[in-house]
Structure formats: structure tokens, C-alpha cells
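A closer look at the structure
For reference, the chains in residue letters:
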Amino acid sequence: MKITAKPFAELDSAKQADGLIPAIVQDARTLQVLMLGYMNREAYEKSLAEGRVTFYSRTRRCLWTKGETSGNYLDIVSVTADCDNDTLLVRAIPHGPTCHTGAKTCFDGSAPETEGFIRYLQSVIQGRHAEMPEGSYTSKLFNRGVNKIAQKVGEEAVETVIEAVAGNREAMIYEASDLIYHLLVLLEATGCSLADLEAELARRHS
């Protein structure tokens with residue numbers, strides 16, 4: 001998969017003494033910051049051509065594709081330069097832990113492990129919709145259609161309200177989680193997403 005991004009010649013690599021461009025890698029699904037690496041022209045162009053993150057190792061003085069030994073590749077979704085063209089933001093889908101310690105991110109502990117999980121769950125639901133695996137509850141919901149999914153959203157909303165009014169915090173969290181899951185399924189079934197909700201909420205806020 002070839003990724004479209006600025007040519008390396010348009011990036012400002014002169015600010016770094018070694019002529020490398022810092023590249024911040026972010027999980028495209030959860031938006032968690034995963035790691036920081038550096039790219040030269042060859043690493044940058046290889047990354048764009050192959051669709052997997054390749055860095056230039058400053059210690060070994062050679063290219064290295066993230067995951068080439070562990071299998072924990074970073075599949076690129078987008079590459080964007082900052083306003084000064086001297087730093088890159090790479091959004092990618094990680095295959096396994098990103099950090100060499102086995103942690104999900106090299107900034108482990110900087111944020112809750114579950115941060116961004118709702119976005120990740122959305123991607124799982126989208127995958128179920130595309131593949132429709134047998135035995136999957138999500139697949140069954142899609143097979144039942146929008147009306148039935150909407151009915152489940154209504155049922156979970158009522159149960160959430162009941163527990164909230166009763167002051168049952170743990171039970172409310174449980175029911176609200178069911179509500180969010182079924183709402184994500186309904187969004188997918190109707191061709192919508194969390195991004196659409198964010199855009200609408202931002203419009204109201206402005």
C-alpha cells in the first residue's frame with residue numbers, strides 16, 4: 001500500500017544535526033502515542049512505498065522496519081508533517097506491542113491502558129461487519145437489521161437510566177457499557193461513526 005505524503009525534499013531536515021526527521025507514531029484507532037523514531041530520506045520513502053513504518057537507527061546507522069524481528073509491524077494509515085515541516089505524525093495500526101519492553105506504547109504509564117478503547121472497539125465492530133464471522137453476537141445483530149439494533153439501544157438506555165436513578169454506580173457503568181457497545185453497532189449499521197458524532201458535537205460547541 002503506497003501512502004501519499006509530502007516528498008522528502010519538502011521537509012526541513014536541517015534543524016537536526018544528523019539531518020534526520022523525528023517521527024511520532026500514533027495509533028490510528030485509539031489515538032494513543034506509541035513511540036518516537038527518526039527517518040532519513042531512504043527510511044521515509046521506504047515507509048511510504050511499503051506502507052509499514054521504517055526508521056533510521058542512529059545507533060546502528062542503518063534502516064530498520066519496526067517489527068522486522070518481532071512481527072509487531074506498524075501499518076501506516078497516514079503521514080503528516082507539522083507546520084514547520086520538521087516533524088512527522090505517523091498514524092498507524094500496530095500489530096502487537098510497540099515497545100521493546102512488551103508494553104503497548106513506549107510511553108507506558110503516561111495514560112490509562114484502556115484509553116481510546118472505545119475507538120478500538122469501533123474498529124472491531126467494523127471488522128465484524130465486513131467479515132460477518134459465524135457465532136459472533138455482533139454478526140447476529142447486523143443480520144437482524146437496524147430496527148432490532150435500535151431496539152437494543154433503547155433497552156440498554158432504559159436500563160442505564162434505571163440504575164442511575166437508583167444510585168447503583170457499578171450497575172450503571174455496566175449497563176452504560178452495554179449501551180455504548182450497541183450504539184456503536186447501530187452507528188456502523190447506519191453508515192455512521194464516532195467521527196461523525198465528534199464533528200456534530202464540535203459544530204455545536206463552536
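Our subject in this report is the structure included herewith.

Criteria and thresholds
Residues numbered from 1 in each chain as written. Predicted model: local features only at pLDDT ≥ 70, side-chain atom pairs only at ≥ 80, totals over all residues. Heavy atoms only, no water. Helix = DSSP H or I, 4+ residues; strand = E, 2+ residues; numbered from the N terminus. Rg over C-alpha atoms; globule rule 2.2 N^0.38 Å. Buried < 20%, exposed > 50% of the residue type's maximum accessible area, 1.4 Å probe, protein only. Areas by Shrake-Rupley, 256 points an atom, 1.4 Å probe, with all protein chains shown as cover. Lys, Arg positive; Asp, Glu negative; His and termini not counted. Charge placed at Lys NZ, Arg CZ, Asp CG, Glu CD. Disulfide = S-S within 2.5 Å. Salt bridge = Lys/Arg side-chain N within 4 Å of Asp/Glu carboxyl O. Pairing = 2+ DSSP bridges. Axes fitted to C-alpha atoms, helices over the stretch in contact; angles between N-to-C directions. Contact = heavy atoms within 4.5 Å. Arc of directions from axis to C-beta. Polar contact = N/O pair within 3.5 Å; in protein donor to acceptor, adjacent residues only side chain to side chain.

A few points about the overall build of the protein
Looking only at helices and strands, the protein has 6 helices and 6 strands in total. Secondary structure elements of the protein occur, N-terminal to C-terminal, as β-β-α-β-β-β-β-α-α-α-α-α. The globule rule puts the C-alpha radius of gyration for 206 residues at 17 Å, and the 21 Å found for the protein is more than 25% above it. Sorting the 206 residues of the protein into buried and exposed places 33% on the buried side. Just so you have it, the protein exposes about 12,100 Å², and 54% of that area is on carbon and sulfur atoms. If the 22 positive side-chain charges of the protein are averaged to one point and the 28 negative ones to another, these points end up 3 Å apart.

Structural notes on the state of the cysteines
This model, assessed by the stated rule, comprises 0 disulfides. C99 forms no disulfide, and the closest cysteine sulfur to it belongs to C106, at a distance of 3.9 Å.

Quick notes on the pattern of salt bridges
Per the counting criterion, the structure on display carries 11 salt bridges. Of the charged contacts, one joins D86 and K15 as a salt bridge, the two residues approaching to 3.0 Å between their closest N and O atoms. One end of the pair, D86, is in the loop between strand 5 (74-81) and strand 6 (88-94); the other, K15, is in the segment before strand 1 (21-27), with 71 residues separating them in the sequence. A salt bridge links E200 to R204; its shortest N-O distance comes to 3.0 Å. Taken together, the positions of E200 and R204, both in helix 6 (residues 194-205) and 4 residues apart, correspond to about one turn of that helix. The partly exposed category is assigned to E200, whose relative accessible area is 27%. Among the charged side chains, a salt-bridge network with shared partners connects K152, E155 and E156.

Quick notes on the sheet that holds strand 2 (residues 33-39)
Ordered in space as 2-1-6-5, the 4 strands form an open sheet in which the pairing is mixed. Of all strands in the sheet, those with a lone pairing partner are strand 2 and strand 5, marking the two edges. Taken over all neighbouring pairs, the strand axes of this sheet differ in orientation by 25° on average, direction set aside. Pairing of strand 1 with strand 2 involves 6 bridges; the strand directions are antiparallel. Pairing of P22 across the sheet is with Y38, part of strand 2. Across the sheet, helix 1 (residues 41-50) is in contact with strand 2, strand 5 and strand 6; its angle to strand 2 comes to roughly 130°.

Regarding helix 3 (residues 137-144)
Along helix 3, the residues that are buried comprise T138, S139, L141 and F142. Down the axis of helix 3, the smallest arc covering the buried residues is 160°, so these residues share one side. Looking at the buried positions of helix 3, the neighbouring elements they touch are helix 2 (117-131), helix 4 (146-166) and helix 5 (169-189). Measuring from the side-chain oxygen of the N-cap residue of helix 3 to the backbone nitrogen of T138 gives 3.2 Å; that N-cap residue is S136. Once helix 3 ends, the next one or two residues include G145, with phi positive near 95°.

What to know about the pairing of strand 4 (residues 62-65)
If a strand is regular, its side chains alternate between the two faces of the sheet. Pairing between strand 3 (residues 54-57) and strand 4: 4 bridges, direction antiparallel. Along strand 4, the bridge assignment pairs S57 with C62. Hairpin connection, strand 3 to strand 4: the antiparallel pair is bridged by 4 residues, and R61 has positive phi, about 55°.

Shape is all these values report; function is a separate question.
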